[in-house]
Structures are given as structure tokens and as C-alpha cells.
Amino acid sequence: MTDDLLAWRKEFPILERTVYLISHSLGAMPARTRENLAAYAEAWDTRGIRAWEEGWWDMPVRTGDLIGGIIGAAPGEVVMQPNVSICQSIVVSCFDWNGKRNKIVTDDLNFPSNLYVYQGLERTGARLETVHSRDGITVPMEELLAAIDEETQLVSVSHVIYRSSYLQDIGAIARRAHEVGAKIVADIYHSAGTVPLDVHALALDFATGGSVKWLCGGPGAGYVYIRRSLWPELKPRVTGWVAHKSPFAFDPGAMEYAGDSFRFLNGTPAIPALYAARAGYEIISEVGVERIRAKSMRQTRRLIELAQEAGFAVRSPLCADERGGTVVIDVPRGGEITQELSRRDFLVDYRPGAGIRVAPHFYTRDEELELVIREIGRCG
Ligand SMILES: Cc1ncc(COP(=O)(O)O)c(C=O)c1O
């Protein structure tokens, strides 16, 4: 079978040197990223302060639009931030937590950083209701839906669970949240770029993610989606001068938020990270997430078959429709084996209590799946 997507391998130099199965953690660097970072240095060096008005100032919004194209958002609805922890802090800072509607409903497979942000919120009056996973892989949907009530302000869930790759029905969760007048924030870090999604069709109010993984954009380029119709009512307490409607007035008086999505920014944006991230978004858009998903479902299915044939336990959903792009393989001494694999140029990672996470992406060769399973066996 010919695989057209392998033509992209030449855009990612590290694929020639390693068996690269870690795009759930750090996507491979596109060759163009080097040129983009050189363009950043060139702009700073040759244009100096003028670089701000020649593109840097608008970059958090224009770069967000590239992600918007991948997740179904309209122009302006996605803005760049350094990371998800900041994005989540911005979202929760849009609400008051000391009234009757002060509940935040989440689950214990949400990314810990998000949970830490919500725990901090408890000091300001929020009540955190955390639904517990029974198997460490899935979230009990009935229990989650039942926890969402008239006192719920925000429901926070991951689209794809980071430690098991479980793909949740966030559309159903959004419907329940809206039925009772609550809002939903979805962490889409593990779906954007590998599982097709449309934030409008799913009726999400907010979504957060980053570029390190499937988007091949590197660190420092987190993003937050905020549904446009909500903008006028939202005044994030996590804010700064860039969010002011007249930032260069440097007005020490009361904060007046910008009318557009600049209102969700805060301080000086991380410009180099935005230069670095762009190539990955362009490539993912060009390849198309539908094609990436079709290949990912085929290859993760094959990986599970190979792992089971080798006698390894699989800690991800076996049904492809319920699985994101990663397969978690639980073998004794998984942490040590992962380190040995790295020494042998097989790049995967390990999460305690879950197992070795292995992820093909659109640039993965089928043979690499066989090679990694064989190598895990050899290291064991
Ligand atoms: C689902 C999810 N959310 C958030 C993060 C990371 O958040 P941050 O960008 O704050 O480092 C990760 C990283 O592994 C993740 O898997």
C-alpha cells in the first residue's frame, strides 16, 4: 500500500535519525522552523523597535487564526498565550466564584495543571467537584453529567485524555452544561492536529491547548479559544496592558478592555515562540486533520495488535472511535525501558501508573511500529 503522507518526512529532519513515536509529547520540528526563527532574529536585528508595528503586535491574534482554521474557530476567536496553565487561569478569571453558582465540575483524568488552577480557585469561594475514573482510562460519563447542575458555573474536561488517549464525547457534555446554564472549557491539547474537531459544532464556550505535541509547533505557543458571542460579557482578572482598549495611553485609571480579542491578552507576547510555531500549523493544515486521523486510526490499531501479540498490556481504549492518537503500553520497568529506548534512538515516553506512550503521526512509517514493539521486547 502506498502512503502519500510519507512524502512529508523530508520536512522533518529528525525522522531520518530516530524512530520518532513521541508526537503526543513533542512533535518533530519542521525544517522550516529554523528559517522562521532566523526571520525573527533578522526582524529584531534589522528593524529594531519598528518590528512591533510591522507584524509583532498582531501576532498573537494572527497566529491564533492559523489554529482557528484547524479547530473550526472564526478569525479572532483564538489568541496565543505561553501555555495551557495560563489559558485556563484566564478562563476561570472571567467568572465570580463567591455566588450561588460557584461549582466547577471536572474529572481526575483532566491534566493536573488544570486541576491545580481550580484548587487555587477554591480559596476564592469555588467548589470543585471531581468525578473519579474507575479504570484510569475512561471517565464515567453518567456520573459526570449527573454532577453538572444549576449551581455549576464551569465544566472542564479534556477532549482526549493525556494518560490513556480516551476520546470523550465533549459535545454531549457541552449540551448538558448549557441545559443548566453552565459553560464548558475543553482542553483540546491531545486532539487538535490529530482528531478532527469543530469548536462551533461542539458548542464549546472555551478551549485551551498548546503547540508542543501534534501541531509540531514547539514550546511557548499555547492558545485559548473564546466563543465570540461571549466576548462582551467577559472581563478576565488575569489581564494586563496589552488587553487595554488604548494600551499606549498607559492610563493608570480603571481597566477598560479592548473590544476585540485583544481583551484576552495580558503582557508582552512571546514573539519568538510564535515564529517557531507557524510552520507546524501550516503543515498540519496542508496535510488535513481528516487524513491524519484516518492514518492514525489505522496505525494505532496495528500498534495495539502488535503489542498484544508480544504479550504486552494495552492501557488505551481498544475501540478506535474512542481513542486519540496515542497507544499506552504497560510493561514491567516501563520507565527504565523508555530510557534505554531513548539511548537506542527510539523516542517514546513513560507516565507513572499508565505506561509507555507510543504515538505514530502522519509522518510515521508502518515498519516503525514493528520496530518499536520488537525493541521494547529486547529491552525488557
Ligand atoms: C491535556 C494537556 N493539557 C495541558 C498540558 C500542558 O500544559 P502547559 O501548556 O501549561 O504546560 C498537557 C501537557 O502534557 C496536556 O497533555
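Worth saying up front: this structure is predicted, and the values here are computed from it rather than measured. Think of each chain on its own: its residues are numbered from 1, step by step along the sequence as written. Residue-level local features of this predicted model are given only where pLDDT is at least 70; pairs of side-chain atoms are given and counted only at 80 or more, and the full residue set underlies all totals for whole chains, interfaces and linings. Based on all heavy atoms of the structure, the side-chain values leave hydrogens and waters out of the count.

Asks: Could you clarify how one ought to interpret the layout of surface pockets in this entry?
Replies: To find leftover empty space, a probe the size of one water molecule is rolled over the atoms. Put simply, the grid is 1 Å and covers the protein atoms alone, a cavity is a trapped set of points that fit a 1.4 Å probe, a pocket is an open set with protein on both sides within 12 Å along at least five of seven lines, and lining residues have an atom within 4 Å of a point. Grid points are joined across faces, edges and corners, and a volume is the space filled by probe spheres set on the points. Counted as a void, the largest pocket has a volume near 340 Å³. Along the walls of the largest pocket sit 24 residues, with Val-84, Phe-111, Tyr-189, His-190 and Lys-213 positioned nearest its centre. Only DSSP runs of H or I reaching four residues or more are called helices, and only runs of E reaching two or more are called strands; each is numbered from the N terminus. Secondary-structure elements contributing two or more residues to the lining of the largest pocket are α4 (84-92) and α5 (112-122). Looking at the lining of the largest pocket residue by residue, the classes come out as nine nonpolar, 11 polar and four charged. Residues are grouped as follows: Ala, Val, Leu, Ile, Met, Phe, Trp, Tyr, Cys and Pro are nonpolar; Asp, Glu, Lys and Arg are charged; every other residue, Gly included, is polar.

Asks: In this structure, what is going on with the site of the ligand? I would like to understand it.
Replies: Note on definitions. A residue lies near a molecule or strand when any single heavy atom of the residue is within 4 Å of it. Taken together, Asn-83, Val-84, Ser-85, Phe-111, Tyr-162, Asp-187, Tyr-189, His-190 and Lys-213 make up all the residues around the ligand. As used in this structure description, the phrase polar contact means that two N or O atoms lie within 3.5 Å; if the pair is within protein, one of them must be able to donate a hydrogen and the other to accept it, and residues adjacent in sequence are counted only when both atoms belong to side chains. The separation between an oxygen atom of the ligand and a polar side-chain atom of Ser-85 is 2.6 Å. Within the side chain of Asp-187, a nitrogen or oxygen atom sits 2.6 Å from a nitrogen atom of the ligand. For the ligand, the protein covers 82% of the area, taking 400 Å² as the surface of the free molecule. Pocket or cavity membership: a molecule qualifies when more than half of its atoms sit within 2 Å of the grid points of that site. More than half of the atoms belonging to the ligand lie within 2 Å of the grid points that define the largest pocket. We get accessible surface area from the Shrake-Rupley algorithm with a probe of 1.4 Å; when it comes to residues, only the shown protein chains can shield them.

Asks: For this particular structure, what's the right way to read the packing of aromatic side chains?
Replies: When we look at a pair of aromatic rings, we describe it by the centre distance and by the angle of the planes. When two rings of Phe, Tyr or Trp (its six-membered ring) have centres within 6.5 Å they constitute a pair, described as stacked for plane angles under 30 degrees, edge-to-face for angles over 60, and tilted for the intermediate range. Applying the stated criterion across every chain yields a total of 18 aromatic pairs. Look at Trp-52 and Trp-57: their rings are 6.4 Å apart centre to centre, the planes differ by 70°, and that puts the pair in the edge-to-face class. Categorising residues by exposure relies on relative accessible area from a 1.4 Å probe, with only protein chains included: less than 20% of the type maximum marks a residue as buried, more than 50% marks it as exposed, and the intermediate range marks it as partly exposed. By relative accessible area, Trp-52 is classed as partly exposed at 25%. Taken together, the aromatic side chains of Tyr-40, Trp-44, Trp-52, Trp-56, Trp-57, Trp-241, Phe-248, Phe-250, Phe-262 and Tyr-275 make up a single cluster linked through ring pairs. Just above the ring of Tyr-189 sits the side chain of Lys-213; from NZ or CZ to the centre is 4.6 Å. For a lysine, the NZ atom is tested; for an arginine, the CZ atom; a charge sits over a ring if that atom is within 6 Å of the ring centre and within 35 degrees of the ring normal.

Asks: Help me out: how do you make sense of the sheet that holds strand β6 (residues 183-187) in this one?
Replies: Strands belonging to one sheet form pairs held by backbone hydrogen bonds; the direction of such a pair is parallel or antiparallel. Spatial ordering of the open sheet is given by β2-β8-β7-β6-β5-β3-β4, a layout of seven strands whose pairing is mixed. Among the strands making up the open sheet, the edge pair consists of β2 (78-81) and β4 (127-131). Looking at each pair of strands side by side, their axes are set apart by 20° on average, direction ignored. Taken together, the four bridges between β2 and strand β8 (residues 222-226) define a ladder with antiparallel strand orientation. DSSP bridges decide pairing: two strands pair if at least two such bridges lie between them. To obtain each axis, a line is fitted to C-alpha atoms, and for helices this fit is confined to the stretch in contact; angles are then taken between N-to-C directions over 0 to 180 degrees.

Asks: Help me understand the pattern of salt bridges in this model?
Replies: Side chains that differ in charge, positive against negative, can pair when their charged atoms come close. We count a salt bridge whenever a side-chain nitrogen from Lys or Arg sits within 4 Å of a carboxyl oxygen from Asp or Glu. One pass over the structure, following the stated rule, counts 26 salt bridges. For Lys-295, the salt bridge goes to Asp-3, with nearest N and O atoms at 2.6 Å. Here the residue Lys-295 occupies a position in helix α9 (residues 289-309), and Asp-3 occupies one in the segment before β1 (19-20), the gap between them amounting to 292 residues. For the pair formed by Lys-295 and Asp-3, the shared burial category is buried. Between Arg-344 and Glu-375 there is a salt bridge whose closest N-O contact spans 3.1 Å. Separated by 31 residues along the polypeptide, Arg-344 in the loop between α10 (334-343) and β11 (346-347) and Glu-375 in helix α11 (residues 366-379) bring together distant segments of the chain.

Asks: Would you take a moment to explain the packing of helix α3 (residues 59-71) against helix α8 (residues 271-287) for this structure?
Replies: Relative orientation and spacing of two packed helices are given, respectively, by the angle between their axes and the distance between those axes. It is at 10 Å that the axes of α3 and α8 come closest, and there the two elements cross at 20°. Considered as vectors, α3 and α8 are oriented roughly parallel to each other. The two elements α3 and α8 cross, and the hand of that crossing is left-handed. Residue-level inspection shows Met-59, Pro-60, Thr-63, Leu-66, Ile-67 and Ile-70 of α3 in contact with α8, the latter providing Ile-271, Leu-274, Tyr-275, Arg-278, Tyr-281, Ile-284 and Ser-285. Considered class by class, the residues forming the contact of α3 with α8 number 10 nonpolar, two polar and one charged. Between 65 and 115 degrees an angle is taken as roughly perpendicular, under 35 as roughly parallel, over 145 as roughly antiparallel, and anywhere else as oblique. By convention, the crossing between two helices is left-handed when the near helix turns anticlockwise from the far helix through less than a right angle, and right-handed when the turn is clockwise. Contacts were defined at the residue level, with two residues in contact if any of their heavy atoms lie within 4.5 Å.

Asks: Before we go on, may I ask you to explain the packing of α10 against α11 in this structure?
Replies: At their nearest, the axes of α10 and α11 sit 10 Å apart, and the two run at 120° to each other. When the axes of α10 and α11 are compared, the crossing they make is right-handed. Each of Ile-337, Glu-340 and Leu-341 in α10 lies in contact with α11, whose residues at this interface are Glu-375, Ile-376 and Cys-379.

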